[in-house]
Amino acid sequence: MKKILITGGAGFIGSHVIRLFVNKYPQYKIYNLDNLTYAGNLANLKDIENSPNYEFIKGDIIEGNYIMNLFEKYRFDSVIHLAAESHVDRSISNPTEFIYTNIVGTVNLLNAAKHIWKDNFEDKLFYHISTDEVYGSLGKEGFFVETTPYDPHSPYSASKASSDHLVRAYHDTFGLPIVISNCSNNYGSYQFPEKLIPLFINNIQNNEFLPVYGKGENVRDWLYVEDHAKAIDVIFHNGKNGETYNIGGHNEWKNIDLIKVVCKIMDKKLGRKEGTSEKLITFVKDRAGHDLRYAIDSSKLQKELGWKPSLQFEEGIEKTIDWYLENEEWLKNVTSGDYLKYYEQQYVKR
Ligand code: NAD
Ligand code: TYD
């Protein structure tokens, strides 16, 4: 049975990747290594937690010796590495944590993979999940391609850029089989409500103000999270050793326009008069170093590996809003911090 280590599987994107792999590939054993930081929530995986081909391991990628022992014990065949500190605003208030998790954590995994695979790299793969933010900020025109020079501006994107360079360095120097993908902004179910879309859905529901940074003119390219998970599946199985693939939705929105769409749908769903939620929009001080525009050209992935986004944004955002409204308990647990007790209840007292 092929043993695949997925790191950060209790987070937003990781939980979708775990669900896809556990359900689609009964012939693989999926190990989810996650330290359960504030962003990790095992309730995201309730539906598959008892599957015979799934195992959760609570552990910290910052601990080098622990990671080395873990790899020696389990002898994973492949790694899909998603664990990271992922929120730009937190990286501005506390950059150091990002350096430890995103850079040191990645190096610890690379060292352990290199150590157990020695020089026998056949059928082995270290797949590193990264972001389009490493490329920096675009003006009004153009798209990020795989060869766009790195130009990160936030401590988050700088730490991710650094980890990407290290993954490539282990390929070039030691021959480690790797692939990297850089994806645009994701949206969908199970996203921690500190990120724009779930934060605003939650605030609208509670009639709280919607803090729009600056003038709301920054542009992001939004991809439905399940389409990202499908791209990861395709790249994991068919991506070429040493290559990078950009993943994006060709779906650019100015923040303020996106927010107005969310407000409109929320008014309809909550039976409020049209225009009610928009009144909650409040322009606040801009984020420091706020990148103006991200936009991905994913034609390499589309042409070479045949992936394309399956959902139109209108459908995806409606599905997403429905999910948060139907899963009020999940949202309440997360915003109250109760989800932190879930691990204890599920895994310790059993
Ligand atoms: P997230 O913050 O929701 O989840 C991160 C997960 O990593 C959490 O479960 C957390 O507990 C775990 N983790 C953090 N530090 C750890 C440590 N030291 N040891 C073990 N586990 C640890 O993040 P996400 O939005 O799901 O992003 C996942 C990956 O995808 C990240 O690498 C991120 O850079 C990348 N990415 C995210 C987006 C996006 O829009 N969210 C877009 C492109 C790429
Ligand atoms: P975010 O979801 O934090 O993702 P990222 O910064 O990684 O792109 O933010 C998306 C955009 O929304 C970004 O331009 C910042 C903006 N934003 C706000 O205007 N207000 C908010 O409260 C948040 C969290 C984000």
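Definitions and limits used
Residues numbered from 1 in each chain as written. Chains lettered and ligands numbered in written order. Predicted model: local features only at pLDDT ≥ 70, side-chain atom pairs only at ≥ 80, totals over all residues. Heavy atoms only, no water. Helix = DSSP H or I, 4+ residues; strand = E, 2+ residues; numbered from the N terminus. Buried < 20%, exposed > 50% of the residue type's maximum accessible area, 1.4 Å probe, protein only. Contact = heavy atoms within 4.5 Å. Areas by Shrake-Rupley, 256 points an atom, 1.4 Å probe, with all protein chains shown as cover. Lys, Arg positive; Asp, Glu negative; His and termini not counted. Charge placed at Lys NZ, Arg CZ, Asp CG, Glu CD. Salt bridge = Lys/Arg side-chain N within 4 Å of Asp/Glu carboxyl O. Near = heavy atom within 4 Å. Polar contact = N/O pair within 3.5 Å; in protein donor to acceptor, adjacent residues only side chain to side chain. Nonpolar A, V, L, I, M, F, W, Y, C, P; charged D, E, K, R; others polar. Pairing = 2+ DSSP bridges. Axes fitted to C-alpha atoms, helices over the stretch in contact; angles between N-to-C directions. Core = buried A, V, L, I, M, F, W, Y, C linked by side-chain atoms within 4.5 Å.

Peer 1: How should I be thinking about the overall build of the protein in this particular structure?
Peer 2: Along the backbone of the protein there are twelve helices and twelve strands. Here the C-alpha coordinates of the protein stretch approximately 65 × 50 × 40 Å along the principal axes. Burial status across the protein gives 55% buried among its 350 residues. Sequence separation of 24 or more characterises 81% of the internal contacts of the protein that already satisfy a separation of 6 or more. When the accessible area of the protein is evaluated, it comes to approximately 15,200 Å², of which 49% is carbon and sulfur surface. Within the protein, the 47 negative side-chain charges are centred at a point lying 2 Å from the centre of the 40 positive side-chain charges.

Peer 1: So what exactly am I meant to see when it comes to the pattern of salt bridges here?
Peer 2: When the charged atoms of two side chains with opposite charge come close together, those side chains can pair. Scanning the entire structure with this criterion turns up eleven salt bridges. Its salt-bridge partner being Asp77, residue Lys124 comes within 3.9 Å of it at the nearest N-O pair. Of this pair, Lys124 sits in the loop between helix H4 (95-117) and strand S5 (125-131) while Asp77 sits in the loop between helix H2 (64-74) and strand S4 (78-81), and the two are 47 residues apart along the sequence. Salt-bridge contacts for Lys300 lead to Glu243; the nearest nitrogen and oxygen are separated by 2.6 Å. Residue Lys300 is located in helix H9 (residues 299-305), and its partner Glu243 is located in the loop between helix H7 (225-238) and strand S10 (244-247); the two are separated by 57 residues in the primary sequence. Here Glu243 falls in the partly exposed class, since its relative accessible area comes to 28%.

Peer 1: How should the site of ligand 2 be read in this particular structure?
Peer 2: Around ligand 2 sit 18 residues in total, of which Glu133, Pro211, Arg220, Arg287 and His290 are the nearest. The contact in question runs from an oxygen atom of ligand 2 to an N or O atom on the side chain of Arg220, over 2.8 Å. One of the side-chain N or O atoms of Arg287 is found 2.5 Å from an oxygen atom in ligand 2. Here ligand 2, which alone exposes 510 Å², has 96% of that area covered by the protein. Split by residue class, the shell around ligand 2 holds eight nonpolar, five polar and five charged.

Peer 1: It is not clear to me how the sheet that holds strand S7 (residues 185-187) should be interpreted in this structure. Could you clarify?
Peer 2: Think of a sheet as strands paired side by side through backbone hydrogen bonds, with each pair either parallel or antiparallel. Taken in spatial order, the three strands of this open sheet run S7-S9-S11, and their pairing is mixed. Each end of this open sheet is capped by a strand with a single partner; those strands are S7 and strand S11 (252-254). Strand after strand, the sheet turns through a mean of 50° between neighbouring axes, direction not considered. Of the pairings in the sheet, the one linking strand S9 (residues 219-224) to S11 comprises three bridges and is antiparallel in character. What sits directly across from Asp221, in S11, is Glu252.

Peer 1: Help me out: how do you make sense of the nonpolar core in this one?
Peer 2: One broad rule of soluble globular proteins: the nonpolar side chains tend to lie buried together. Counting residues in each nonpolar core, the largest one holds 34 residues, and the members touching the most others are Phe21, Ile80 and Tyr127. Ranked by the residues each element gives to this core, the list is headed by H7, at five residues. Those residues in contact with Tyr127 that lie beyond four places of it in its chain are Val79, Ile80, His81, Val179, Ile180, Ser181, Ile232, Ile235 and Phe236. Counting residues in hydrophobic clusters, the runner-up holds 33 residues, among them Tyr38, Ile197, Tyr224 and Leu258.

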